[in-house]
Amino acid sequence: MASVSLQNVKKVYPNGFEAVKNFSLDVEDKEFVIFVGPSGCGKSTTLRMIAGLEEITEGDLIIDGKRMNDMAPKDRDIAMVFQNYALYPHMTVRENMAFALKLRKTPKDEIERLVNETAKILDLESLLDRKPKQLSGGQRQRVAMGRAIVRNPKVFLMDEPLSNLDAKLRVQMRIEIAKLHERLGATIIYVTHDQTEAMTLGTRIVVMKDGIIQQVDTPQNLYNNPANLFVAGFIGSPQMNFFDAECKISGDDAFLMLAGYALPLPHDKSIALKNGGYDGKTIVMGIRPENISDARQHDTDSVIAAPVKVYELLGAEVYLYAELEGANMTSRVKSETTAKTGDTVDFYFDVNKIHLFDKDTERVIMN
């Protein structure tokens, strides 16, 4: 396997559109790195530049210490798995998996050994003589993976490989891909717009927006310490709640004025706001749904009343959708809650878990 380095990479199309801007990233050997972001953010374009399917306008692509910008895709020793499987319909599973090895003039007995080994890893042994039209979506995706694995490439590139599968199959395939990474010790770069996929699979996640990297971090750090409003809102499901709140500072104590209530902040957040000169200014307060709960379980001042508009039961937990200062608010509470649609509920805000953002720059003040 190999490391991959992108150094100040840009992609500008002939019409002047800059799809990827000054992209720099080092992917270590055996890492599982995920590119995530909304449609049109440049994640697939970046992957295609690594594969050699798109030309790099500026910057350098280094794989295993060698500059690859002018190297043909077939000479980069990478394997790509697409969302549409891209299997040859007239070939059997065995022939599909063996095709790239035949092109390399690999000896027949070696091809047979590699195909059989890979089929065993992916539980495809009973399907080797079938054609793609006789397979389910999940089976086709496993064959596409097998065709990549059998080549033993330096780097695996995966472009939304699970997006054509139904929800249950996606979960199963996520588990299979995670096992595969563990077993092969492979370097994988994986593109998805699904942040759940990103959070469960990646060792590191690259969050992109408008062709620019917003943050590169572990799933846990992205969730707990977002660098800006975009990352905070994109990572997490249901997404983080955001409210405009006025900051009031008295001595070393800070309060956030929200819906007529004064939320007292912990000392470290108070000092950060005081030192930043935010007294009397409006900032953006972010708080995740699981950090807003039923106030009856807490003896605290950090309580705000809000009317529940929608009650949604998800088995072990309930989502309460309320309205606060004209903004929608989601609270994730235990299913034992007695709150129902139409009730005005006292909600407890865990002020230790509040995220503070500058309203103008959208950068984090403190997590």
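Right above here is the structure, for reference.
Residues numbered from 1 in each chain as written. Predicted model: local features only at pLDDT ≥ 70, side-chain atom pairs only at ≥ 80, totals over all residues. Heavy atoms only, no water.

Some details on the sheet that holds strand β4 (residues 58-63)
Item 1. With respect to topology, four strands assemble into an open sheet ordered β2-β1-β4-β5, the strand pairing being antiparallel. On the outer flanks of this sheet lie β2 (18-27) and β5 (66-67), each paired with one strand and no other. (Pairing = 2+ DSSP bridges. Helix = DSSP H or I, 4+ residues; strand = E, 2+ residues; numbered from the N terminus.)

With respect to the environment of V351
Item 1. Topologically, V351 is positioned in the loop between β19 (344-349) and β20 (355-357).
Item 2. Ignoring sequence-local partners within four residues, the contact set of V351 consists of P264, P266, K269 and S302. (Contact = heavy atoms within 4.5 Å.)

A few points about the packing of helix α4 (residues 137-149) against helix α5 (residues 167-184)
Helix-helix packing is described using two parameters, namely the angle between the two axes and the distance between the axes.
Item 1. Contact pair α4 / α5: the axes reach a minimum separation of 11 Å and the direction vectors enclose 20 degrees. Between α4 and α5, the angle falls in the class roughly parallel. Two packed elements cross with a definite hand, and for α4 against α5 that hand is right-handed. Across the interface between the two elements, G138, Q141, R142, M145 and I149 of α4 pack against L169, M173, I177, L180 and L184 of α5.
Item 2. Of the residues belonging to the contact of α4 with α5, the class tally is seven nonpolar, two polar and one charged. (Axes fitted to C-alpha atoms, helices over the stretch in contact; angles between N-to-C directions. Parallel < 35°, antiparallel > 145°, perpendicular 65-115°, else oblique. Left-handed = near helix turned anticlockwise from the far one by under 90°. Nonpolar A, V, L, I, M, F, W, Y, C, P; charged D, E, K, R; others polar.)

Side note on the packing of aromatic side chains
The description of an aromatic ring pair rests on the distance of the ring centres and on the angle between the ring planes.
Item 1. Evaluated as defined, the whole model comprises seven aromatic pairs.
Item 2. Ring centres 5.8 Å apart and planes at 45 degrees place the aromatic pair F32 and Y190 in the tilted group. Of the two residues, F32 sits in strand β3 (residues 32-36) while Y190 sits in strand β8 (residues 187-192), which places them 158 residues apart along the sequence.
Item 3. A relative accessible area of 1% places F32 in the buried class.
Item 4. Seen in terms of ring centroids, F230 and F234 are 5.6 Å apart; in terms of plane orientation they differ by 20 degrees. Their pairing is stacked. Placement of the pair is F230 and F234 together in helix α8 (residues 229-234), with a separation of four residues, close to one helical turn. The same class applies to F230 and to F234, which are both buried.
Item 5. A cation over an aromatic ring shows up here: K281 above the ring of Y278, its NZ or CZ 5.9 Å from the ring centre.
Item 6. Sitting above the plane of the Y223 ring, R288 keeps its charged end 3.9 Å from the centroid. (Phe/Tyr/Trp six-rings, centres within 6.5 Å; stacked < 30°, edge-to-face > 60°. Buried < 20%, exposed > 50% of the residue type's maximum accessible area, 1.4 Å probe, protein only. Lys NZ or Arg CZ within 6 Å of the ring centre and 35° of its normal.)

Side note on the nonpolar core
Item 1. In this structure, I34, M145, F156, Y190 and V207 are the most contacted members of the largest nonpolar core, which totals 46 residues.
Item 2. Tallying contributions element by element places α4 first for this core, with five residues.
Item 3. Not counting the four nearest positions on each side in its chain, Y190 is found in contact with F32, V33, I34, F35, M158, P161, L162, I177, E197 and L201.
Item 4. Within the second largest apolar cluster, 31 residues are counted, among which are I249, I283, I287 and A339. (Core = buried A, V, L, I, M, F, W, Y, C linked by side-chain atoms within 4.5 Å.)

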